[in-house]
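# Report on the structure
Now for the letters of each chain:
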Amino acid sequence: MKDGSPQHPAPPISSIPPWHWGWSAALAAIVVITAAFRYALPLRDGDIWFHMLYGKYFLEHHTLIADHTIFSWTPSDNDTIYCNWLPDIFLYLLHKTTGLVGLFAFRYACLAVLVLGCFLFARRLRVATHPMTWFFCLLAVIMAYTGIWEKPEILSFTLMTLTAWNWWHIRSQGDQAWKNCYLFPLIMLVWVNSHGGFIFGCIFLLLIWLGEMANTWLSRPGNALSPRLRKHLTIALTMAACSIFLTPYGFRYPWQLLHRLLHTEETLSSFGTIGAYRSPLDFEYAYGLILCADLAILLLGLLSLRNLKKMEWSSLLTNLTFALLYTRFYRTTFYWAPVFLFSALPLIAMNPVISPGWRHARLGSRLLPIMLLTFAISLSGFVLYKGYVYPEKYTWMGFGIGELINPVEEAAYIKKYFPRARIGNTYGQGAYLLWELWPDNKVFIDARHFPFQKWIEQYWTFAHGKNIKALIDQYPCDLWCIGLHEATVYSWFLASQDWKLAFCGKNSAVFVRNTIALPPGAPIFSPSIASSKSQLSGLDALSFAVNIQEWSVAEQILDGMRHNFIWPAQKEFTQKAEIFTAGMKAYHGQDYGRAVALLGSIYPEVIKNDRAYAVSLINLSAKAWEEQQGALARELNQKAWDIRPGYYVCLYNAGAMDWYDWRTLTSLKDATPPSKDGKKISEGDPDQWRLALQDFIKIAPRTHATTPYLEDAQAMLLGTFGNRPDLMLPP
């Protein structure tokens, strides 16, 4: 090697005997077991369906540019460039030839790239039998969780792994690895045609180039690459930069992506509606991501202190940048995993982890593998236990199709009985419906998101239970497929005179217009509705059943939950589901006191119908008001308001009660003797009741039931109302 090129790290030389290979074998086995079970998951994301459909479209139409507008009947556009043609075609062909098994195998193959890369690189550095190597690999496997999805994003994880491995291989081998520099443009060429995450690959390559320049100017001799290798690196990175324009869209694709990544108001608004763009710090349990990040930072810091004189800037810059991304967005956490892993292994190889000069070095050397194995077993056990008992929403430890946004039975029902109906659907259900029904039928909206930018805010308002009728009137259709987790939306359909329930599966409820006849002999409830593999999915189905008072179906679902979920925490959840069912029975039986007691004991952890709880509180509040218990009436009304902020019934009741008290105090004011300090009894805040009644008049629906209360509110504001008002009851 030439002078200035980093030398191949030699194995640590000390009086401390090397560790037995059995320690690293045990830790490696824990890595494999953890990877095997942690990533034994169903298809979590509905995006896979439209990606495979795009792949089919590309092959059938002999193009690499999709027409985004042909898959839905609502307004859509081609303004957004979406360059995923390579994985879309691959995933479609893989699924076509191997089915779901092939998709799950591909998931494990991508994860194996990280583990195999760790082994090969560690062997090159002569630290493959070092116990810390495999503990770091375990951390990286857990930290990669958000990247192991069956969609193009998994290629971003794989290509980031190859990019990180290639860079630290170049640094460890010096001039011998000059050819590896030219892997960067090849990787980037594949990446830019696979997933928008290539932008993070560009950031990584820029950081390593800046790091090498800093190594040349600021670091000790031997930390920087040789001038010859730097030249090859600069040429290769220039080629990689040029390769991002080699897509069917040319320069327009990276330019648009860069523009949309900027923090414009539109981008921030979009980020606010999608959970994947939240910080992992926002989650109560982020699937072990925060714990592993803390351990990674601690161990990297300790190793860096041991190798302070040999630290180099590319490792520092990349770890700082991607660790920051890790904490900023849940969706970008996986990018740091390979960066951390492959930058840590050379630090293990440079110097002994335990200084030979330490007087307790031999004892420390014996304890280190024991401690690491203990930590590894504990960490793996913790992550696997959480993954089994408290899995990510609507998933489980096992395979299959996730139950949150994949309406499998519902799509089959629509395809069989209403193949030509104009379909309305909630956001999450669209991708699977698209996969099953297109081209014979089109969807209302789906998880692609970007073709619907011009009106998607209107949809989000609809999904939150506002302006539902306005949207349905604007986009008339024959049938709606509503996810069972969208309780606010399906409750509107249940209450509407224009719609009726046609079918309910584990995932969604299908409603058709009242003017459309239901197919004779078709079931209303799926026979498998009680066999959910996810407790949350079961709770959604249970909530729907009790809302329509199908108590026999509710009991079947509870029986299924009792049978399928046997861990103590799961049993506790099932018991709360039973309490919820009993509370809803009391609510429908107008036993509001019992309903409040039962529903209040599980709110908000399990309760799926906050309207029933709020309505029960309002009825008790009205009863207390009739019995002259004003303080209790206000307390109950306030609880109902806390549960359903902005509810117009609570507004009227609060305003009416405060108006009555204000009027009473006002009439007594002149007859009240002065207090000792010369002041009279306070009239309170006269604006509070006025504001409540004014807001009520603004937002209350104009119906036959609300008309008398609207008139009373107006009379109170004008000073023409003279009686003690009755409180309003929900319709």
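Right above here is the structure, for reference.
Reference entry: report on the structure contained in this document. Numbers given for residues are sequential positions, taken from 1 along each chain in its written order. Under the rules for a predicted model, residues below a pLDDT of 70 receive no local features and side-chain atom pairs below 80 are neither given nor counted, while totals for whole chains, interfaces and linings still include all residues. No hydrogens and no water enter the side-chain calculation; it runs on all heavy atoms of the structure.

Check the secondary structure of the protein and you find 29 helices and four strands. Sorting the 731 residues of the protein into buried and exposed places 54% on the buried side. Whether two residues are in contact is decided by their heavy atoms, any of which lying within 4.5 Å being enough. Long-range contacts, defined here as pairs at least 24 residues apart, represent 72% of the contacts in the protein between residues at least 6 apart. All accessible-area figures derive from a Shrake-Rupley calculation using a 1.4 Å probe, and residue coverage is judged against the displayed protein chains alone. Accessible surface, the protein: about 32400 Å² in total, of which carbon and sulfur atoms supply 61%. Strands are runs of DSSP state E lasting at least 2 residues, helices are runs of H or I lasting at least 4, and numbering of each runs from the N terminus. Using a 1.4 Å probe on the protein chains alone, a residue whose accessible area is under 20% of its type maximum counts as buried, one over 50% counts as exposed, and one in between counts as partly exposed.

Residue W438 is joined to P439 through a cis peptide bond whose omega torsion reads 10°. Mapped onto the secondary structure, P439 falls in the loop between α17 (430-437) and α18 (456-463). In this model, Y603 is joined to P604 through a cis peptide bond whose omega is 0°. The residue P604 is located in the loop between α24 (592-600) and α25 (610-626) in this model. In this structure, Y394 is a non-glycine residue whose phi angle is positive, near 65°. Overall, Y394 belongs to the buried group, its relative accessible area being 9%. One non-glycine residue with positive phi stands out, namely Q549, at about 60°. In this fold, Q549 is placed in the loop between α21 (535-547) and α22 (551-564).

Note on aromatic contacts: the rings of Phe and Tyr and the six-membered ring of Trp form a pair at centre separations within 6.5 Å, being stacked when their planes are under 30 degrees apart, edge-to-face when over 60 apart, and tilted otherwise. The full count for this structure, using the stated rule, is 57 aromatic pairs. Aromatic pair W49 and W435: ring centres 6.0 Å apart, planes at 35°, arrangement tilted. One end of the pair, W49, is in helix α2 (residues 47-61); the other, W435, is in helix α17, and 386 residues separate them in sequence. With centroids separated by 6.3 Å and ring planes inclined at 55°, the aromatic side chains of F204 and F322 adopt a geometry described as tilted. In this pair, F204 sits in helix α8 (residues 198-218) while F322 sits in helix α13 (residues 313-328), placing the two residues 118 residues apart along the sequence. For F204, a relative accessible area of 0% corresponds to the buried category. For F322, a relative accessible area of 0% translates into the label buried. Either the NZ atom of lysine or the CZ atom of arginine qualifies as a charge over a ring when it sits within 6 Å of the ring centre and within 35 degrees of the ring normal. Lying over the aromatic face of W149, K151 brings its terminal NZ or CZ to 5.2 Å of the ring centre.

On to the packing of α21 against helix α23 (residues 568-588), then. The axes used here are C-alpha line fits, helices contributing only the stretch in contact, and every angle between their N-to-C directions lies in the interval 0 to 180 degrees. Running from N to C, α21 and α23 point in directions that differ by 10°, and their axes come no closer than 10 Å. The orientation of α21 relative to α23 falls into the category roughly parallel. Contacts from Q535, L536, L539, L542, S543, V546 and N547 in α21 reach Q570, F573, T574, A577, F580, T581, M584 and H588 in α23. If an angle is under 35 degrees, it is roughly parallel; if it is over 145, roughly antiparallel; if it lies from 65 to 115, roughly perpendicular; otherwise it is oblique.

Glancing now at the pattern of salt bridges. Oppositely charged side chains may form a pair once their charged atoms are brought near each other. When a carboxyl oxygen of Asp or Glu is within 4 Å of a side-chain nitrogen of Lys or Arg, the pair counts as a salt bridge. According to the stated counting rule, one finds 22 salt bridges in the structure shown. In this structure, the salt-bridge partner of K415 is E436, at a minimum N-O distance of 3.9 Å. Here the residue K415 occupies a position in helix α16 (residues 408-417), and E436 occupies one in helix α17, the gap between them amounting to 21 residues. Between D473 and K469 there is a salt bridge, and its shortest N-O distance comes to 2.8 Å. You can see D473 and its partner K469 sitting in helix α19 (residues 468-474), four residues apart, about one turn around the helix. The network of salt bridges with shared partners includes D45, D47, K151, E153 and R331.

A word on the pairing of strand β2 (residues 479-483). Taken across its five residues, β2 has five buried, putting it largely inside the fold. What you see with β2 is no split at all: L479, C481 and G483 on one side and W480 and I482 on the other are buried throughout. Here β2 runs beside strand β4 (residues 508-513); their pairing, made up of five bridges, is antiparallel. Bridge pairing in β4 places C481 opposite V510. The rule for pairing is simple: two strands pair if DSSP sees at least two bridges between them.

Here we have four strands laid out as an open sheet, ordered β1-β2-β4-β3, and mixed in their pairing. At either end of the open sheet lies a strand with only one pairing partner, and these are β1 (423-425) and β3 (499-504). Pairwise comparison of adjacent strand axes, ignoring direction, gives a mean angle of 25° for this sheet.

Position of E550 relative to the elements: it lies in the loop between α21 and α22. A relative accessible area of 31% means that E550 is categorised as partly exposed. Ignoring anything within four residues of it in the chain, the contact list for E550 reads F525 and A545.

A helix is expected to reach a length of 1.5 Å times the quantity of its residues less one. Under the 1.5 Å per step criterion, the end-to-end length of helix α14 (residues 336-350) is 22 Å for 15 residues, consistent within 8% with the ideal 21 Å. The element α14 is extensively covered by neighbouring structure, given that 14 of its 15 residues are classed as buried.

Moving on: the pairing of β3. Buried residues dominate β3, accounting for five of its six residues. Pairing analysis gives five bridges linking β3 to β4, with the strands arranged antiparallel. Bridge pairing links W499 to R513 in β4. Between β3 and β4, which pair antiparallel and follow one another directly, the connecting turn spans three residues.

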